[in-house]
Amino acid sequence: MAAIRQRQRAVHWLLPLLPALLALLLLGLLVVATDRIVGRELERRAEYRVEQTAQQYADRIERVLARRVVELELVARLAATNVPPDLLRSELGRLKDVTNSYVWIGVTDLDGVVQLATNSILEGASIQQRPVFVNGSQGLWFGSFHPPKALIEPLKRANLPVPAELADLAMPVVQANGLLQGVMAAHLDAAYFEGLRKEALGPEFAQRSLQLALLDEQGTLLQGALQPGMGESWREAVAASPGTLLVHQGADGRQHVLSSQAVSPTDSSLRPRWRVVASQPLDAVLLPVVQLQRTVLMVGGTAVLILGAAGFWLSRRLARPYSQMLDAVADQLGPQTTDTPDTYLKVIAEQLRRLPKPGSGTSPGEQLLAQVLYDTGRLQAVLQHLPAPVYLVDDDLRVVFWNLACEKVFGWTAAEAHGRPVTEVLPSASGAQEREAIRAEVAAGRGPWEFVGHMLRRDGSEMWGDWRLIKVVGVDGRSFGLLAQVHDLTAERHEREQGEVFAAVIDSASDAVISVDVEGCVSLFNPAAERIFGHPAHTMVGQNLDILLPGEDRDHHRGYMHRFADSRATTRPMAAGHVRGLHASGQLLELEASISQVTVRGKKLLTAILRDVTERVRVEQAMARYRTELSDLAQRLLDQEKVTTQRLAQTLHDKLGQTLSATRLSFDVFSRRGVEQLEPRQQERLRLIGQLIEQAVQEVRQALVELRPPLLQEQGLQAALDNEVRVRSIEAESVVLTLDVGTDTEGLRWPAEVEYAAFMIAREATGNALLHASASAIELHLEGSADELWLRVSDDGIGLNDSLSFGRPGHLGMVGMRERALAIGGQLQVQASASGGTEISLTWTRRPAGTRSVSWTEHRSETT
């Protein structure tokens, strides 16, 4: 009995302390984790910030110095060219006004006398003995900070601010012959570099004791500050590892993060011999961690006290049934009974045999003890986290247990489902017949039972599942209800339905769909493939794809398949979109094809989609022949037109023109001799005959101009167009005609047929604009090279409707221009101009020998 009482005391005191002890342990782990994780992260960020700050400050100084050197070099070159003094002085003033880093800029002669300077300060004074002149005459030189001794009074007299310290920058002024002319010198304000330092440090509230210092090569502090208590040993550490990040222990015992960066512009020969040092104490970095730990300890300690008190109260309340059970066991054993495990177990077994089911006992203590012993917490924890939905219903089919997977699959939470009829939580989507049948079987037997159910989720969506039901009974054989385990088949069913839809789409497709492996073995051959190739599907599955290819294409196609399978592309056209196939009858097929690849169960499949375009290809080939014949016919007609025009022009000039000239000469001789002997009426008749002869001569000349453009053969296209513009300008006084010729086009000549076609197109386009466009201005633009020609005729008239871009019904002007362009292998485009009118452009490029110009129909399809 002593052991029982001892266990009872342990339950009374140790159990209430467990929550507080656990909370205390978690609090200690949290403090350690905060120190390890957060502290290390803050150290890493501090190291990064210190290094970045030093690099940023050094980089800003380097860029400023490099920029000042470039500016002074440009002014020095300007000074070496003997520019007017006023211009050079204004340039120096402008340079000083651009940035506030300059205090003074000046130019000296060989004797060190300042010739020109900003604000005329020190002009005429000698700086021959000063370091800025001595070192600057030898090359690019930089002097560290020093007081402005020579500039204090001049700056005060000029009402200019006097800086505390200056830095010197000087370089020689060298003439074009290499002789030294003087020195270009400048003084930079130290306050400017202090501003750069403050910008690099950032706002003061975020610095956390971060210091940034600028030192010279001797280690003298120029600007900024170092951490107090660092001592001098950090200099040896920085010198031993220049340019690296260090954690150094100072003379005061504190750890400091150090970063040193040399100031050395990479894009300049200037070497200022400065060094930037950034430092920050680690205890300042870790101050937030200490504050966080204090807060955690304060809040956590309070939480431990609260949890301890609550745990003590709750544990005592939960331990009361256990204490009652121990009291009952102790009373049963009696005070004199030997305290052995055997006797103890016998008493416990007797108590369990006497124990009623929960809710049926008469004593409250017995009922509470029965509830504890029948507790299913451990089993519920296992069922709660099963990956498959599991729920338990009582004999009235009301939900009494609902695990997490049920919540995810069916959409009901455990609290919502508890106590509800299962028919309400999971209504049937296909009627209640199958559920009623299962219910009858459950009432008659012990199971298990299986069925496939079609149910509705809470949101109304359908789901399919495989239900497995088990009847749960107690030791007395009484039923507690049904335990249901569900295997969700919704995704599998959707995949099967999608597969059926996919198969139906493939079977009903009008294009052939063929799937093969990388070796060409056919695994899919749809009905359209049967129709196109003439092979039944059952004979093609398992066969090699070579059966469907012409013999000369098989090796090439096999290599193409392997290259595509090895690539990362998922789909692409095959052979530029066109391949050849072989019908079962031996007929060649023309096919449009695309290929794609997928990996199914680790096996790569290539799928080709093929469309039979054999008939279309035949029609296109026939059309191509017709186009070629039409193009050749147009070429012959234009050549014949040119020959006929030349012959007609020659006939008019050599025969009719000569005859009219002779007639006019004879008439002039006759009229001068016999006109006085004729009567007035006859004299009037003679004058009219003279006018008719003159008109005939002018018409013959105009016809010759139309048939054989003047100046075209002798002087070329440019001269002929210029003459055409002049003639047209006289005829159309209200329209401004201009000719614009490219600067590189002067004097160029092109083949005779090209110049003739271009001139005729320009003439036709100009005439159309004058007749139909109602334009106030017409511009001809000619440009090109030996192998190219561009001609553009544009106006600002009413424009041309898109439907008339290929010509007006009954008018052949536009058609003629297109035929002339195509006859020389050029392209003619008609579009709206920038001014709202019409623009007609001709583009010609010399083609290699043997190439054929495209036909009119081909060109029309391109321009359309």
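A.B. asks: Would you explain the nonpolar core in this entry?
C.D. replies: Nonpolar side chains in soluble globular proteins tend to be buried together. Residues Y57, I61, L72, M184, F193, W274 and V276 are the most contacted members of the largest nonpolar core, which totals 46 residues. Among the elements that line this core, the one with the most residues is helix α1 (residues 2-79), at 12 residues. If sequence neighbours within four positions are ignored, I61 has contacts with F193, L196, L214, V263, W274 and V276. Residues L721, F759, A762 and I778 belong to the second largest nonpolar core, which totals 35 residues.

A.B. asks: Looking at this structure, how should I read helix α2 (residues 85-98)?
C.D. replies: Helical periodicity: at 3.6 residues per turn, an α-helix aligns residues three or four positions apart in one direction. Look at α2: 20 Å from first C-alpha to last across 14 residues, which is about the 20 Å you get at 1.5 Å a residue. All of the buried residues in α2 are L88, L92, G93, L95 and K96. Down the axis of α2, the buried side of the element spans an arc of 160 degrees, and every buried residue falls inside it. Exposed and oriented more than 90 degrees from the buried face of α2 are D86, D97 and V98.

A.B. asks: Is there a simple way to think about the pairing of strand β13 (residues 449-456) in this case?
C.D. replies: Consecutive side chains of a regular strand alternate in pointing toward one face of the sheet and then the other. Across eight bridges, β13 lies against strand β14 (residues 462-473) in antiparallel orientation. For W449, the partnering residue across the bridge sits in β14 and is L469. Counting the residues that bridge the hairpin from β13 to β14 gives five residues, and of these G460 lies at a positive phi of roughly 90 degrees.

A.B. asks: When you look at the environment of T266 in this model, what are you seeing that I'm missing?
C.D. replies: With respect to the secondary-structure elements, T266 resides in the loop between β9 (255-263) and β10 (274-281). In this structure T266 comes out as exposed when scored by relative accessible area, which is 78%.

A.B. asks: I keep staring at the confidence of the model for the chain and nothing clicks. Help me out?
C.D. replies: Any segment with low pLDDT has predicted coordinates that should not be analysed in fine detail. Mean pLDDT over the chain stands at 79; residues scoring 70 or higher make up 81%. Across residues 851-864, confidence stays below pLDDT 50; counting only partners more than four residues off in sequence or on other chains, it has 29 contacts.

A.B. asks: What am I meant to see in the sheet that holds strand β11 (residues 390-393) here?
C.D. replies: Two strands in a sheet stick together by hydrogen bonds in their backbones, pointing the same way (parallel) or opposite ways (antiparallel). Strand order in the open sheet formed by five strands is β12-β11-β15-β14-β13, and the pairing between neighbours is antiparallel. Because the sheet does not close on itself, it has two edges, and the strands there are β12 (399-402) and β13. Looking at each pair of strands side by side, their axes are set apart by 30 degrees on average, direction ignored. In the packing of helix α16 (residues 490-508) onto the sheet, contacts are made with β14 and β15 (479-488), and the angle to β14 comes to roughly 145 degrees.

A.B. asks: For this particular structure, what's the right way to read the pairing of strand β23 (residues 788-795)?
C.D. replies: Bridge analysis of strand β22 (residues 777-785) against β23 gives eight bridges, and the strand direction is antiparallel. Residue pairing across strands places I778 opposite D795, the latter belonging to β23. Adjacent in sequence and paired antiparallel, β22 and β23 are bridged by two residues. Two strands pair when backbone bridges link them, and β23 and strand β25 (residues 838-845) are joined in this way by seven bridges, in the antiparallel orientation. Note that in β25 the partner of V793 across the bridge is I840.

A.B. asks: Is there a simple way to explain the sheet that holds strand β5 (residues 180-189) in this structure?
C.D. replies: The strand order β2-β1-β5-β4-β3 describes an open sheet built from five strands, whose pairing is antiparallel. Pairing within the sheet leaves two strands with one partner each, and these edge strands are β2 (114-117) and β3 (141-146). Across the sheet, the mean angle separating the axes of adjacent strands is 20 degrees when strand polarity is ignored. When strand β1 (residues 102-108) meets β5, the two strands line up antiparallel, connected through five bridges.

A.B. asks: What is the right way to look at the environment of A834 in this model?
C.D. replies: Along the chain, A834 falls in the loop between β24 (827-832) and β25. For A834 and S794, which are 40 residues apart along the polypeptide, the C-alpha to C-alpha distance reads 9.0 Å.

A.B. asks: Sorry, what's going on with the packing of aromatic side chains here?
C.D. replies: Each aromatic ring pair is characterised by the separation of its centres together with the angle its planes make. Applying the stated rule across the entire model yields 10 aromatic pairs. An angle of 15 degrees between the planes, with centres 5.7 Å apart, marks the rings of F451 and W467 as stacked. Of this pair, F451 sits in strand β13 while W467 sits in strand β14, and the two are 16 residues apart along the sequence. Taking the relative accessible area as the measure of exposure, F451 reaches 16% and is therefore buried. Ring-pair connections join several aromatic residues into one group, and the members of that group are F142, F145, Y192, F193 and W274. Between R458 and the ring centre of W412, over which it is positioned, the NZ or CZ distance is 4.7 Å.

A.B. asks: What is the right way to look at the packing of helix α24 (residues 752-772) against helix α25 (residues 813-823) in this model?
C.D. replies: If you want to describe how two helices pack, look at the angle between their axes and the distance between the axes. Interhelical geometry of α24 versus α25 gives an angle of 160 degrees and a closest axis separation of 9 Å. In terms of orientation, α24 and α25 fall into the roughly antiparallel class. Note on packing geometry: the crossing formed by α24 with α25 is left-handed. Within the contact between the two elements, α24 uses Y756, A757, M760, I761, E764, A765 and N768 and α25 uses G813, M817, R820 and A821. When the residues that make up the contact of α24 with α25 are grouped by side-chain class, the tally is seven nonpolar, two polar and two charged.

A.B. asks: Before we go on, may I ask you to explain a negative patch on the surface in this structure?
C.D. replies: A surface patch of negative charge is lined by D740, D744, E779 and E783. Along the polypeptide, D744 turns up in the loop between β21 (736-741) and α24. Using a relative accessible area of 67% as the deciding quantity, one classes D744 as exposed.

A.B. asks: Would you mind going over the packing of helix α23 (residues 717-731) against α24 with me for this structure?
C.D. replies: For the pair α23 and α24, the least separation of the axes is 10 Å and the interaxial angle reads 20 degrees. By the angle between their directions, the pair α23 and α24 is classed as roughly parallel. Between α23 and α24 lies a crossing of right-handed hand. Of the residues in α24, those touching α23 at L717, A720, L721, E724 and R728 are E755, A758, F759, A762, R763, T766, G767 and L770. Residue composition of the contact of α23 with α24, grouped by class: seven nonpolar, two polar and four charged.

A.B. asks: Could you clarify how one ought to interpret a nonpolar patch on the surface in this entry?
C.D. replies: Side chains of L22, L25, L26 and L29 sit close together on the surface and give an oily, nonpolar patch of about 410 Å² of accessible area. Tracing the backbone shows L22 in helix α1.

A.B. asks: Whenever I open this one, unusual backbone geometry confuses me. Can you help?
C.D. replies: Most peptide bonds are trans, and most residues other than glycine sit at a negative phi. The phi dihedral of S120 is positive, around 60 degrees, even though this residue is not glycine. Tracing the sequence through the fold places S120 in the loop between β2 and α3 (131-136). Positive phi, close to 55 degrees, is recorded for N159, a residue that is not glycine. The class of N159 is exposed, set by a relative accessible area of 71%.

Conventions adopted
- Residues numbered from 1 in each chain as written.
- Predicted model: local features only at pLDDT ≥ 70, side-chain atom pairs only at ≥ 80, totals over all residues.
- Heavy atoms only, no water.
- Core = buried A, V, L, I, M, F, W, Y, C linked by side-chain atoms within 4.5 Å.
- Buried < 20%, exposed > 50% of the residue type's maximum accessible area, 1.4 Å probe, protein only.
- Helix = DSSP H or I, 4+ residues; strand = E, 2+ residues; numbered from the N terminus.
- Contact = heavy atoms within 4.5 Å.
- Expected span 1.5 Å × (residues − 1).
- Arc of directions from axis to C-beta.
- Pairing = 2+ DSSP bridges.
- pLDDT = per-residue confidence, 0-100.
- Axes fitted to C-alpha atoms, helices over the stretch in contact; angles between N-to-C directions.
- Phe/Tyr/Trp six-rings, centres within 6.5 Å; stacked < 30°, edge-to-face > 60°.
- Lys NZ or Arg CZ within 6 Å of the ring centre and 35° of its normal.
- Parallel < 35°, antiparallel > 145°, perpendicular 65-115°, else oblique.
- Left-handed = near helix turned anticlockwise from the far one by under 90°.
- Nonpolar A, V, L, I, M, F, W, Y, C, P; charged D, E, K, R; others polar.
- Patch = residues over 30% accessible without salt bridge, like charges linked within 9 Å, V, L, I, M, F, W, Y side chains within 5 Å.
- Areas by Shrake-Rupley, 256 points an atom, 1.4 Å probe, with all protein chains shown as cover.
- Salt bridge = Lys/Arg side-chain N within 4 Å of Asp/Glu carboxyl O.
- Lys, Arg positive; Asp, Glu negative; His and termini not counted.
- Charge placed at Lys NZ, Arg CZ, Asp CG, Glu CD.

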